[in-house]
Amino acid sequence: MKKIGEGWQYSIYDLGNGRVFKKFHSPLKSYWVILKSIFPFRDDSFMMIPNFSKSSKQKALTSFEIIKSGRIPGLWIGNPKFLAGLDYEQDKAIPLHDVFLNSNTELIKSIIDKFIVFNRQLLEIGVIDKSFNITKNYGLDEKGNIVLIDIGEIFDDPERIKKQLSDRAWDKNYVAGCIKNIEAEKYFVRKMDENFCLDSNLAPGTVFQ
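*Asks:* Where do I start with helix 6 (residues 158–166) in this structure?
*Replies:* The α-helix winds at 3.6 residues per turn, so residues separated by three or four positions along the chain end up facing the same way. Listed in full, the buried residues belonging to helix 6 are Ile-161, Gln-164 and Leu-165. The buried residues of helix 6 occupy an angular sector of 95 degrees when the element is viewed end-on, so they sit on one face. Seen from the open side of helix 6, the exposed residues pointing more than 90 degrees away from its buried face are Glu-159 and Lys-163. Structurally, helix 6 contributes buried residues whose contacts are with helix 4 (105–124), strand 7 (128–129), strand 10 (154–155) and helix 7 (182–196). Note on helix 6: the residue one or two positions beyond its end, Arg-168, has a positive phi of about 50 degrees.

*Asks:* Could you clarify how one ought to interpret the packing of helix 4 against helix 7 in this entry?
*Replies:* Between helix 4 and helix 7, the shortest axis-to-axis distance is 10 Å and the interhelical angle comes to 25 degrees. Here helix 4 is positioned roughly parallel relative to helix 7, judged by the angle of their axes. In this structure, the crossing between helix 4 and helix 7 has a hand that is right-handed. Between helix 4 and helix 7, the residues in contact are Thr-105, Glu-106, Ile-108, Lys-109, Ile-112, Asp-113, Phe-115, Ile-116, Asn-119, Arg-120 and Leu-123 and Glu-183, Ala-184, Tyr-187, Phe-188, Lys-191, Met-192, Asn-195 and Phe-196, respectively. For the contact of helix 4 with helix 7, the residue count by class is ten nonpolar, three polar and six charged.

*Asks:* How should I be thinking about unusual backbone geometry in this particular structure?
*Replies:* Peptide bonds are, in most cases, trans, and in most cases residues other than glycine have a negative phi. Positive phi values are uncommon outside glycine, yet Asn-79 reaches one of about 45 degrees. Along the chain, Asn-79 turns up in the loop between helix 2 (49–68) and strand 4 (81–82). Phi angles above zero are rare outside glycine, and Phe-132 is one such case at about 55 degrees. Looking at the secondary structure, you find Phe-132 in the loop between strand 7 and helix 5 (134–137). Exposure remark for Phe-132: the relative accessible area of 0% places this residue in the buried category.

*Asks:* What exactly am I supposed to notice about the environment of Asn-133 here?
*Replies:* For Asn-133, the location among the structural elements is in the loop between strand 7 and helix 5. The class of Asn-133 is buried, set by a relative accessible area of 9%. Along the chain, Asn-133 and Ala-176 lie 43 residues apart, while their C-alpha atoms are 7.9 Å from each other. Not counting chain neighbours up to four residues away, the residues in contact with Asn-133 comprise Tyr-138, Tyr-174 and Val-175.

*Asks:* Honestly, the confidence of the model for the chain in this entry has me stumped. Any pointers?
*Replies:* As a general rule, the predicted coordinates of low-pLDDT regions are not to be interpreted in detail. For the chain, per-residue confidence averages 87 on the pLDDT scale, and residues scoring 70 or more make up 82% of the total. Residue range residues 43–47 is modelled with pLDDT below 50. Its contacts to residues more than four positions away, or to other chains, number three contacts.

*Asks:* Would you mind showing me how to read the pairing of strand 1 (residues 2–6) here?
*Replies:* Note on strand geometry: in a regular strand, side chains alternate between the two faces of the sheet. One ladder, built from four bridges, connects strand 1 with strand 2 (residues 10–14); its direction is antiparallel. Counted as the bridge partner of Gly-5 is Ile-12 from strand 2. Between the antiparallel neighbours strand 1 and strand 2 lie three residues.

*Asks:* Can you walk me through helix 7 in this structure?
*Replies:* If you check helix 7, its first and last C-alpha atoms are 21 Å apart, about what 15 residues at 1.5 Å a residue would give, namely 21 Å. Where helix 7 is concerned, the buried positions are Ala-184, Tyr-187, Phe-188, Val-189, Lys-191, Met-192, Asn-195 and Phe-196. Against the buried residues of helix 7 lie helix 4, helix 5 and helix 6. Where helix 7 begins, the capping side chain belongs to Asn-181, and its oxygen is found 3.2 Å from the backbone nitrogen of Glu-183.

*Asks:* Would you mind showing me how to read the pattern of salt bridges here?
*Replies:* If charged atoms from side chains of opposite charge come close, those side chains can pair. Considering all chains together, one arrives at 14 salt bridges under this definition. A salt bridge links Asp-91 to Arg-19; the nearest nitrogen and oxygen atoms lie 2.8 Å apart. Here Arg-19 lies in strand 3 (residues 19–24) and Asp-91 lies in strand 5 (residues 88–91), a separation of 72 residues in the sequence. Judged by relative accessible area, Asp-91 falls into the partly exposed class, the value being 27%. Look at Arg-19 and you get buried, because its relative accessible area is 14%. Linking Asp-87 and Lys-23 is a salt bridge whose minimum nitrogen-to-oxygen distance equals 3.1 Å. Placement of Asp-87 in the loop between strand 4 and strand 5 and of Lys-23 in strand 3 is noted, with a sequence separation of 64 residues between them.

The rules behind the values
Residues numbered from 1 in each chain as written. Predicted model: local features only at pLDDT ≥ 70, side-chain atom pairs only at ≥ 80, totals over all residues. Heavy atoms only, no water. Buried < 20%, exposed > 50% of the residue type's maximum accessible area, 1.4 Å probe, protein only. Helix = DSSP H or I, 4+ residues; strand = E, 2+ residues; numbered from the N terminus. Arc of directions from axis to C-beta. Contact = heavy atoms within 4.5 Å. Axes fitted to C-alpha atoms, helices over the stretch in contact; angles between N-to-C directions. Parallel < 35°, antiparallel > 145°, perpendicular 65-115°, else oblique. Left-handed = near helix turned anticlockwise from the far one by under 90°. Nonpolar A, V, L, I, M, F, W, Y, C, P; charged D, E, K, R; others polar. pLDDT = per-residue confidence, 0-100. Pairing = 2+ DSSP bridges. Expected span 1.5 Å × (residues − 1). Polar contact = N/O pair within 3.5 Å; in protein donor to acceptor, adjacent residues only side chain to side chain. Salt bridge = Lys/Arg side-chain N within 4 Å of Asp/Glu carboxyl O.

Following this line, the structure appears as structure tokens:
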């Protein structure tokens, strides 16, 4: 298997059949992956790394419980197949980070519009992906549909959801700031504000109605 990516929770391998294998990090591996990251420690002590690592496992466990309940359509999350422990397989998709690097401004804006619709649909069933991390946690499938490719930080607690919305998580440097096209970054923040601020017209049926 060829390794094609790595995040805080998982290493990602191409299975060569249109699917990927995601291997959950051991505590030591997680420690070193997080240590290599830059943004979390601008304000936090390095002593916090074990806590980040431990919370990563709990977040994955919570996410998988939500997914296994059947509330989220399989196509939206790459038709995951759960394996031993917290490992899983998933349909291969192109991360939006890579898509945006090779797209013009108007195409990026059109994908952001799809992203908005997708996340409003998630919110309608009472779940969200933590921080709406557009470039890292989402991709496009072979038909050009938005897919949540990082399924390890989904939650459905109404108070946690409200906090993400009230904090405008999408405007953080590690979310919006990862959209390198400045015009598209401003568009993303504006459209997210219009659709997900607590005083916006949230979709009927959300936990906030």
